[in-house]
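Close look at the chain arrangement
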6 protein chains.
Amino acid sequence: MPHYERILITGAAGRLGSELRKGLAPLTKTVRLAGRTPFGELAPHEEEAVFDLADMDATIAATEGCDAIVHFGGAALESPWQAVLDSNIRGSYHIYEGARKHGVRRVIYASSVHAIGFHGIEDHIGVDAPVRPDSLYGVSKNFVESLSRLYWDKFGIESVCLRIFSSFPEPKDRRMLWSYLSFADCVRLVEASLTAPWVGHTISFGLSDNKVKTVDNSGADHLGYIPRDSSEPFRAAVEANTPTPDPKSPSVKYLGGWFCELGHPDDPK
Amino acid sequence: MPHYERILITGAAGRLGSELRKGLAPLTKTVRLAGRTPFGELAPHEEEAVFDLADMDATIAATEGCDAIVHFGGAALESPWQAVLDSNIRGSYHIYEGARKHGVRRVIYASSVHAIGFHGIEDHIGVDAPVRPDSLYGVSKNFVESLSRLYWDKFGIESVCLRIFSSFPEPKDRRMLWSYLSFADCVRLVEASLTAPWVGHTISFGLSDNKVKTVDNSGADHLGYIPRDSSEPFRAAVEANTPTPDPKSPSVKYLGGWFCELGHPDDPK
Amino acid sequence: MPHYERILITGAAGRLGSELRKGLAPLTKTVRLAGRTPFGELAPHEEEAVFDLADMDATIAATEGCDAIVHFGGAALESPWQAVLDSNIRGSYHIYEGARKHGVRRVIYASSVHAIGFHGIEDHIGVDAPVRPDSLYGVSKNFVESLSRLYWDKFGIESVCLRIFSSFPEPKDRRMLWSYLSFADCVRLVEASLTAPWVGHTISFGLSDNKVKTVDNSGADHLGYIPRDSSEPFRAAVEANTPTPDPKSPSVKYLGGWFCELGHPDDPK
Amino acid sequence: MPHYERILITGAAGRLGSELRKGLAPLTKTVRLAGRTPFGELAPHEEEAVFDLADMDATIAATEGCDAIVHFGGAALESPWQAVLDSNIRGSYHIYEGARKHGVRRVIYASSVHAIGFHGIEDHIGVDAPVRPDSLYGVSKNFVESLSRLYWDKFGIESVCLRIFSSFPEPKDRRMLWSYLSFADCVRLVEASLTAPWVGHTISFGLSDNKVKTVDNSGADHLGYIPRDSSEPFRAAVEANTPTPDPKSPSVKYLGGWFCELGHPDDPK
Amino acid sequence: MPHYERILITGAAGRLGSELRKGLAPLTKTVRLAGRTPFGELAPHEEEAVFDLADMDATIAATEGCDAIVHFGGAALESPWQAVLDSNIRGSYHIYEGARKHGVRRVIYASSVHAIGFHGIEDHIGVDAPVRPDSLYGVSKNFVESLSRLYWDKFGIESVCLRIFSSFPEPKDRRMLWSYLSFADCVRLVEASLTAPWVGHTISFGLSDNKVKTVDNSGADHLGYIPRDSSEPFRAAVEANTPTPDPKSPSVKYLGGWFCELGHPDDPK
Amino acid sequence: MPHYERILITGAAGRLGSELRKGLAPLTKTVRLAGRTPFGELAPHEEEAVFDLADMDATIAATEGCDAIVHFGGAALESPWQAVLDSNIRGSYHIYEGARKHGVRRVIYASSVHAIGFHGIEDHIGVDAPVRPDSLYGVSKNFVESLSRLYWDKFGIESVCLRIFSSFPEPKDRRMLWSYLSFADCVRLVEASLTAPWVGHTISFGLSDNKVKTVDNSGADHLGYIPRDSSEPFRAAVEANTPTPDPKSPSVKYLGGWFCELGHPDDPK
C-alpha cells in the first residue's frame, strides 16, 4: 500500500531525477514526471507534465492532484543570475504556491552543500548553522530553505531540504572521499524524507556513510535515513589519480570545494 | 560471579517488572521482588517483599540488605493527584531514604519520556534539557530526578534515571516507530545501568535502535547501553493500520504524544 | 490604573512577604494577604485569607477572585520531609489548582538558589541549567518549577519562578557579596514579573546588581527587571568581620553555600 | 574629516530614510539620495539619484562613485510576491552588483525582525539563530542576508544587516515595549555600522535600550552601538490604551508580532 | 585592613608593573618588588627581590612569606625561543613552585590576547574557547594557563590569568579602539582578581569599557571587575591619524592584530 | 603507491612506537626510526636516526628529507620537571622547528588523556573543551597542542594531536573498560591521521570502540578513524579481578584516573 497517491518529481530527466523516477515508484500510485521536454515512453504508473518552472501558472497547475512533491528541478550548478532567478528562485516559489493552493502535504527539496559552502571542515557544522553560500546558486538554495520554513510555520506544509553534497556515479577527487552521496543513498534519503512520521521543516545533509565525516547531521535524525554506501571502495583509485591537496586552499578547507574559488557567473571569462 | 548481593525490584509484578525479574537474575545472588500483593511461587534466588510504597517504614525496611534497587513501582500512567502523590512522590522518597539508611550503592529508576514530553521532535533534546512534563505523572518523574540528584551530590548514592519511551510488546502507532523500546532492550538498558563502572547521577533516554531518532542520548554514553532491537520489522503493519498524522497536532510534534492532549486527571470526564 | 484586580500574596507575614505587601500595592486594586494567622489591622485595599497551604480546599478557595498570585508561602529553609511535603509540595499544588480552577492569569513563585545549589560558581549557569538541589527544600523548589511548567504548557497559566539568592536587610558574609538581593530589588523583581507583557513560563535568578556575578540571568531578560542596589556599600564591613574562605570548600565554591554542607533534616543532630 | 566620500542612501524618502538623510550627514562629504521620485530642494552636500530598484542598469549606475551604501529602499511591509521580488530581491541584487562593480567598501542593509519572526520570546535568540521568516517580506530579508554573506566571503564587500524591530515615533502597543527602536537610536545604529573598524559580514538586531529584552545581540557587539533611548517613557500610556494580551497567541509569543498572523499577501481578502 | 600580608609583584619595573606597584599598595601590608636590577629608593611598605626568573632557587626563595603573587614578569613581546623558554616557561614554573612550596594563596598572572590571537573578531569568543596562539610568546601564555590550572585542580592554589589586550597610555591605532585597556583599568582588574571572594582558576580578558567589543568576558564575571575607562575619547585622533584598514587582512580580522603577521622570531630578518 | 616518501617515527623503540614501526610501513617508501640508542637490524625500507630530543640541532637534522613525522617520543608518564622540560617541551619544539625548516607536511603527535584528565566522566567533553591537565606530563601535552596550533595557523604545517587514553595489550582495571585503545586501533588511528584528505590542526581522542563511552570525539570525524576493537572481551576478567570502585574518588570520576591522585613528581616520596 503506497504512501502517496501521486508524487510530482521536478527535474525528472536530470542526473538525480532519473534515479528518483525509478527509486520512488514503490511509494506512490502515480508518479508525475516534470521537465521542460517530453519524456518519451512512460510506464503505466507514470504521467508527465511538461513546463518551465519560470511559468507560474503552468507550475501551479502541475501540482494539482499531488500529495507530495520531490523538487529536484532548476539550475544544478553556478549559473548566470537570470537563470538562477528564473529557475531556482521564481521556479521554487511557484512550486510552493502550487503546494499551498492544492493542499500538497510534503515537499522534498534538493538544496545543496553550496548553501553552506564557506563553512570549514574544521567547524563540523550542524544543520542549523548560519548560511554561508558559496555562489549565486547557493544563495538560491538559502532562499528556498527560508521560503519553505515560512510555508511550514504559516501554512502547515511539511518540507525536507536536502543539502546534497556530491552525488555522482563515483567519487572523482579527494574531496569526494567525504562529500560522496551514492545514487542509491540519494534515493534512500528521499524515501526516508517521504515516509518519516513527522518532518515539519527539516534540513538534512545528503551524504553516504563515508569514513571521513565533515558535518554533523544529527539534527535530521528523525528522518530515519540510514546510508549503506561509502566512498571507501574508490579511495585507492582517487588517491592514485589526484595530487596531494594544499591544506590552506579554499577549495580544500571549505565544504563547498571548488565553488568557493569560482568568480561571479556574469563576469566575462 | 554476580555484581550484586541482592537487588530489590519494585513494581516487580508489572509489565516491565516481570521482564526485569527474569532478565536481571544473572547479575545478583538474590532478587527481592516488591509489590502490593504476594508473588506466588518464587525461584530459589528470589524472595519477596509485600508492601505499599506509600508506607514509609515498610518501604525502608524492604531495602535493608540490598546493594541495588531497580525502582519501577508506582503509578505508570497519568493518574489522579492523590495517587501520583502517594505512589510516585512519597513512595520514591521512601525508596531513597531506604537507600540512604541501608547503604544501597546504586538505584535504577524508571523515569519517563513524559518528564520531557512537551519538547518537540524538532529540538532533538539531550538528557540535560530543561524539564517539560506533560502530565502530573511527568511532574512526579521530575521530582524523583531532582531527588536522586540530591542523594548523589550530598549522600553519594549513585542513580540512573531511565526516561523510558514506549515499552510494549510491539509498536502500535506511528509515534512508536521512533518511541519503541523492546522488552529485551529495556532489560539491556537496566543491566548496563547496573554494571557500568561509574554512573554518578545519570539521566538516560530509553529507546531501541529505531531508524527514526528524535532525541540525543549521548550524555548517557557512559552507561554502555547498546540496543539491539528496532521498530523496523513492525513498520509496514503500523503504517497499514494507522492514518497519516496531522503534523501540527501536539500529539504528533511533541515527544510526549497523546499525553500532551490529556486534560487534568482530577477533572470529571 | 492598576494592572490587576486582586493579587493574592501567600506568606504575606514573612520576611519578604511583608515587603511585597507594601511594595505591590500600586499594581492592584486589592491585595489579599494569606497566612496561617490573622494579620491584624488591614489597609482599605487589603483583605486577608487565613488558612494552611496543606489544606487543599481552603487554599483553592483563597484564590477565587484573584487574577494574580504571588506565592511566597511555605517552609523557607531546609526542613523535615513532612514539612517540605505539606507546605511546599502539596501546598504549591493546591495553589496551582486554585489558579487553574479560578482562571488566575499569572503566578509569581518564590523559588530559590537552592534549586540549583550544587552548581559551581565556575559554571556561570544560565536559567535553563539542569537542576542541582542542595536540600529537600531545593527539591521542593524543583517540584514547583516543574509543576508550573506543566500548568503553562497545558493549561495556559503564566508563571515566573524567582530563584531568590540571599534576600536579607544586608549581606552578612562573603558569599552574600554576590548572592545579595536587597528587599527593594526583590520588590522590583516581583513587580517586573507581574507587569512584563509576556512571561509564559520563566525562571529567573533573584539578585541585586552586585559587582561579583556568578550566574547568567539573560534568559529572563524579557521580565524587564533592572536592579538598583548592590552589596558594595557593605563590602568593607563584611570583609572586616569574616575570615578568608577556603576556596575548596563546598560552601564556598557552590552556589548554594552552607546548604551544601547540611546533613539530612530528619537525622538526629 | 568625514569617514566617507559619498554615501548612497536608498529609500531616502521613507520614514527611516528621512531620518538617515539628516543623521548621516556628518559622516560623509556627499550624500546621494535615492528614490523613485525627485527629492525637491537639496542641501549643498546632497545629490539625488532617481530610479527604480528593479532597473538593474540604473541601480548599478547609481552606486558609481560611492564608498558606502545605506540600503533602506524596497517594500517595507508584507507585500504581493511581485513587489517583494522586484523591489526587495531583484533590487537588492542590483545594489550588491553595483557595490561589486564600483568598489563600494561597505553596505548597511535594513533587514528586519521579520527575518526571524517565528522565533519565540522564550528562545532569546542570538544573531546567528536559524532563519524563521514570518512573511514573504521576511523571506526577502533572508535572501539579502544570504546574498550579502556571499559578497563578503567571495568578493570582500563588508555588510551589516540590521534586523530592525519597530522603528516608529513612539511605541503603540505592548509588543513595542520591547520592540521599539527610536529614530535617534536607528541613526546611531547605522552610524556605528558605518564607522566600526571591522564589520566583515555582521547581522545585528535593531532595538533601543528597552527594559524588556527578548533577544541577545552580543554577536554584534563589535559594531559599538550604544542605544540611548527606551520605551519606558511611553509605558504608562501604552498600558492604559491597550488590552492585556493573550500569552498563547502567536502575535504575542513570537518576535514577529502580528505579521505571524497575516495570511498570504496574494490571497483575496 | 589590607587583604594580604605581602604581595610579590614580578616585572615590577615594567610598564604595567610600575602601575601595579602604586595601585596595589592599599591591598597589602608589604609589597615585594621583583626585578632583574635594584629598584632604587623604596617606600616604607616596599621591599625588593632582585633575581632572574630563570633561576629556580632564587625565584622560589623570593616567594617565601608572600600570600599573593602578581606575576607580570618575563618577556612581554614575541621573542626568540630561548628567551621565551627561560623567562616565560621556566620562569613561570618557578613562580608556581614557589607558590606551592610556600603556601601562597592566590596568583594573578599576566597572560595575553596573544594566547588566543588567531581567533576572529567575528567569533566573539568567551574565555573558555580553545587556544589559538599567534606567536611563541602566545604559546608560553598557554603554557602558564595550563600549568596554573593544574596547580588549582591538584594543589589548591587559586589563579587568575588575565589576557591583557593593549595596555598603553592611549590607543594608537584602530584596533586599539576595541583592544584598549587603560592603566587605571588594568589596576582595577588586578585588584578585583585579588579581592574576589572565590576565583579558583579563572581566565579573564583584560579590556576597558570600549564601545566596540570583540570578546565575551562573562565567564569571568565572578571577579567583580568593572572598567571605568574607554577608548572613546581617543577615537577622533586615532581615526584622523590612521588609514582605513583592509577588512580581509589577518592583522585586522584576528584578535591578535599584527602579531598574526609576524614571522618566526629566530628567523633572520 | 605509498602516501609518503619518508616518515620519521620518534619513540620508535617504545611500546606504541614498535607497533607503529610495523603498522605504518605500507604508507611510506622509507621509515626513519628515531630513538636514543641504535635499533639493531633494520628492514630494507627502514633507516635509523639516533639522537636525544633535547638536542636541537640533532633533532632538526633528523627531520630532513621527511614529509611526515609521527612524534611518539619523550617521557610517557608523569616525570620530574627537568625530564618533562627536556624531552616533552624542548624536544617537541625541536621537532616542530625541524618540520618548519624542512618542509614536513604533516605531524602526528602522541598527546594524552592527561591533557584533559581533570574533566569528569559526567561532562562528556568534546575535543575543544578547555584543557585540564592532571600532571606536569599533561601540561607538556597542552604545550605541544598549543605549539602545533601555531605552526598550522602561521606556518601551514598540518598536525593531528592524538589524546591517547590507555593503550596496552589489554585492559587491566575497570577504568580501562572505557579508556582502552588496542594496539591495532592505535595504528589505525595514526594511519587515518596520515591519510585523511585534510587535517589542518586536529585534536582527537584515542580510544577503541568500547561500549562505555566517556567523551565525544565527533570533532575529529574528518580523520576517518574507525576503531574495530573493544574492551568487551576482557570485561569479565577485569570485573573478577578488581574491586567495585568508589564513585566519589577522583581516580574514578575524572578522565585522568590515578594520575589525578599523584602528588608532585619532584616531591620526595
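About the cut-offs
- Residues numbered from 1 in each chain as written.
- Chains lettered and ligands numbered in written order.
- Predicted model: local features only at pLDDT ≥ 70, side-chain atom pairs only at ≥ 80, totals over all residues.
- Heavy atoms only, no water.
- Helix = DSSP H or I, 4+ residues; strand = E, 2+ residues; numbered from the N terminus.
- Rg over C-alpha atoms; globule rule 2.2 N^0.38 Å.
- Buried < 20%, exposed > 50% of the residue type's maximum accessible area, 1.4 Å probe, protein only.
- Contact = heavy atoms within 4.5 Å.
- Areas by Shrake-Rupley, 256 points an atom, 1.4 Å probe, with all protein chains shown as cover.
- Lys, Arg positive; Asp, Glu negative; His and termini not counted.
- Charge placed at Lys NZ, Arg CZ, Asp CG, Glu CD.
- Least-squares fit on C-alpha atoms with pLDDT ≥ 70 in both.
- Pairing = 2+ DSSP bridges.
- Axes fitted to C-alpha atoms, helices over the stretch in contact; angles between N-to-C directions.
- Salt bridge = Lys/Arg side-chain N within 4 Å of Asp/Glu carboxyl O.
- Phe/Tyr/Trp six-rings, centres within 6.5 Å; stacked < 30°, edge-to-face > 60°.
- UniProt positions renumbered as here; feature names shortened; annotations may be inferred.
- 1 Å grid on protein atoms, 1.4 Å probe; cavity = no way out; pocket = protein on both sides within 12 Å on 5 of 7 lines; lining within 4 Å.
- Points joined across faces, edges and corners; volume = space filled by probe spheres on them.
- Nonpolar A, V, L, I, M, F, W, Y, C, P; charged D, E, K, R; others polar.
- Polar contact = N/O pair within 3.5 Å; in protein donor to acceptor, adjacent residues only side chain to side chain.
- Expected span 1.5 Å × (residues − 1).
- Bend = angle between axes of the 7 residues up to and from the residue.
- Buried area = accessible area lost by both parts, 1.4 Å probe.

1. What about the overall build of chain A?
- Each helix and strand in chain A was counted, giving eight helices and seven strands.
- Relative to the 2.2 N^0.38 estimate, which gives 18 Å for 269 residues, the radius of gyration of chain A is 18 Å and therefore close to what a compact globule would have.
- Expressed as lengths along the three principal axes of its C-alpha atoms, the size of chain A is roughly 50 × 40 × 40 Å.
- Going through the 269 residues of chain A one by one, you find that 62% of them count as buried.
- Long-range contacts, defined here as pairs at least 24 residues apart, represent 69% of the contacts in chain A between residues at least 6 apart.
- Approximately 9,200 Å² of chain A is accessible, and the part contributed by carbon and sulfur atoms is 51%.
- Of the side-chain charges in chain A, 28 are positive and 35 negative, and the distance between the mean point of each set is 1 Å.

2. With respect to the relation of the copies chain A and chain D
- Its rotation angle being 180 degrees, the transformation that places chain A on chain D also includes 0.0 Å of axial translation and leaves an RMSD of 0.0 Å. In short, the pair behaves as if placed about a two-fold rotation axis. Distance from the rotation axis, computed per C-alpha, reaches its smallest value in chain A at A:Phe143: 2.7 Å.
- When the interface residues of chain A are mapped onto chain D, 100% of them again lie at the interface, so the same face is used by both copies.

3. Looking at the sheet that holds strand β4 (residues 68-71) of chain A
All names here are of chain A.
- Spatially, seven strands are ordered β3-β2-β1-β4-β5-β6-β7 in an open sheet, and the strand pairing comes out parallel. The open sheet has two free edges, formed respectively by β3 (46-50) and β7 (201-206), since each of these has just one partner strand. Each neighbouring strand pair of the sheet contributes to a mean axis angle of 20 degrees, computed without reference to strand direction.
- The pairing of strand β1 (residues 4-10) with β4 spans four bridges and is classified as parallel. Of the residues in β4, the one forming a bridge with leucine 8 is isoleucine 69.
- In this fold helix α6 (residues 183-195) packs onto β1, β4, β5 (106-112), β6 (158-164) and β7, with an angle of close to 145 degrees to the strand it touches most, β5.

4. Comments concerning the pattern of salt bridges
- Evaluated as defined, the whole model comprises 114 salt bridges over all chains.
- The salt bridge involving B:Glu145 is made with B:Arg163; its shortest N-O contact spans 2.8 Å. One end of the pair, B:Glu145, is in helix α4 (residues 136-153); the other, B:Arg163, is in strand β6 (residues 158-164), with 18 residues separating them in the sequence. With respect to class, B:Glu145 is no different from B:Arg163; both count as buried.
- The closest approach of N and O atoms between F:Asp209 and F:Lys213, which form a salt bridge, is 2.9 Å.
- Take F:Lys213: its relative accessible area is 29%, and that puts it in the partly exposed class.
- One salt-bridge network, held together by shared partners, links A:Glu97, A:Arg100, A:Lys101 and D:Asp267.

5. Looking at the arrangement of the chains
- Spatially, chain A and chain C are disjoint, and the shortest separation between their C-alpha atoms is 19 Å.
- One finds no contact linking chain B with chain E; the least C-alpha distance across the pair is 19 Å.

6. Details of the packing of aromatic side chains
Residue and element names in this part refer to chain D.
- A full pass over the atoms with the stated rule returns 65 aromatic pairs over all chains.
- When the centroid spacing of 6.1 Å and the interplanar angle of 50 degrees are considered together, the rings of tyrosine 137 and phenylalanine 259 count as tilted. Here tyrosine 137 is found in helix α4 (residues 136-153), whereas its partner phenylalanine 259 is found in the segment after α8 (250-253), with 122 residues between them in sequence. In this pair, the class of tyrosine 137 matches that of phenylalanine 259, namely buried.

7. So, the UniProt feature "domain: NAD-dependent epimerase/dehydratase" (unreviewed entry) in chain A
- Following the UniProt record, the feature "domain: NAD-dependent epimerase/dehydratase" (unreviewed entry) maps to residues 7-168 of chain A here.
- Helix makes up 35% of residues 7-168 of chain A and strand 22%, with an end-to-end C-alpha separation of 24 Å.

8. What about empty space enclosed by the protein?
- Tallied over the full model, the rule gives one cavity of 30 Å³ or more.
- What the largest cavity holds in volume is close to 30 Å³.
- Contributing to the lining of the largest cavity are B:Leu150, B:Lys154, B:Phe155, C:Glu78, C:Ser135, C:Leu136, C:Gly263, C:His264 and C:Pro265.
- Here the residues of the lining of the largest cavity are counted per class, giving four nonpolar, three polar and two charged.

9. Observations regarding the sheet that holds strand β5 (residues 106-112) of chain B
All names here are of chain B.
- Judged by pairing direction, the sheet is parallel, and its seven strands sit side by side in the order β3-β2-β1-β4-β5-β6-β7 without closing on themselves. The sheet is open, and its two edges are formed by β3 (46-50) and β7 (201-206), each paired on a single side. Sheet twist, expressed as the average angle between the axes of neighbouring strands with direction ignored, equals 20 degrees.
- Contacts from helix α1 (residues 15-23) reach β1 (4-10), β2 (28-35), β3, β4 (68-71) and β6 within the one sheet, and its direction differs from that of β1 by about 165 degrees.
- Packing of helix α6 (residues 183-195) onto the sheet brings it into contact with β1, β4, β5, β6 and β7, and relative to β5 it is tilted by some 145 degrees.

10. Considering the side chain of A:Glu78
Residue and element names in this part refer to chain A.
- Within the secondary structure, glutamate 78 is located in the loop between β4 and α3 (81-102).
- Within the structure, the side chain of glutamate 78 is placed 3.0 Å from the backbone nitrogen of leucine 136, a separation counted as a polar contact.
- Ignoring any residue separated from it by four or fewer positions in sequence, one finds glutamate 78 in contact with Ser135, Leu136, Tyr137, Phe259, Leu262 and Pro265.

11. Some points on helix α3 (residues 81-102) of chain B
Residue and element names in this part refer to chain B.
- The end-to-end C-alpha separation of α3 is 30 Å, in line with the 32 Å expected for 22 residues at 1.5 Å each.
- The sharpest bend along α3 comes to roughly 30 degrees, located at glycine 91.
- Where α3 ends, the next residue or the one after it, glycine 103, has phi of about 65 degrees, a positive value.

12. A look at the interface of chain A and chain D
- In this assembly, 35 residues from chain A lie in contact with 35 residues from chain D.
- Both faces considered, chain A and chain D share a buried interface measuring about 2,900 Å² in area, 67% of it formed by carbon and sulfur atoms.
- Of all residues in chain A, A:Trp81, A:Lys154 and A:His264 give up the largest surface area on contact with chain D, accounting jointly for 20% of the area buried on that side.
- Where chain A meets chain D, there are two salt bridges.
- Among the ionic pairs, D:Asp267 bridges to A:Arg100, the shortest N-O distance being 2.8 Å.

13. Re the environment of C:Glu239
- In this fold, C:Glu239 is placed in helix α7 (residues 235-241).
- On the basis of relative accessibility, which here comes to 11%, the residue C:Glu239 falls in the buried class.
- Taking the C-alpha atoms as reference, C:Glu239 lies 7.8 Å from C:Asp173; in sequence the two are 66 residues apart.
- Leave out the neighbours within four places in its chain, and C:Glu239 touches C:Arg174, C:Leu177, E:Met1, E:His3 and E:Thr195.
- Within the structure, the side chain of C:Glu239 is placed 3.0 Å from the side chain of E:His3, a separation counted as a polar contact.

14. Things to note about unusual backbone geometry
Residue and element names in this part refer to chain A.
- Residue histidine 124 is not a glycine yet carries a positive backbone phi of 45 degrees.
- Here histidine 124 shows up in the loop between β5 and α4 (136-153).
- With relative accessibility at 14%, the residue histidine 124 sits in the buried group.

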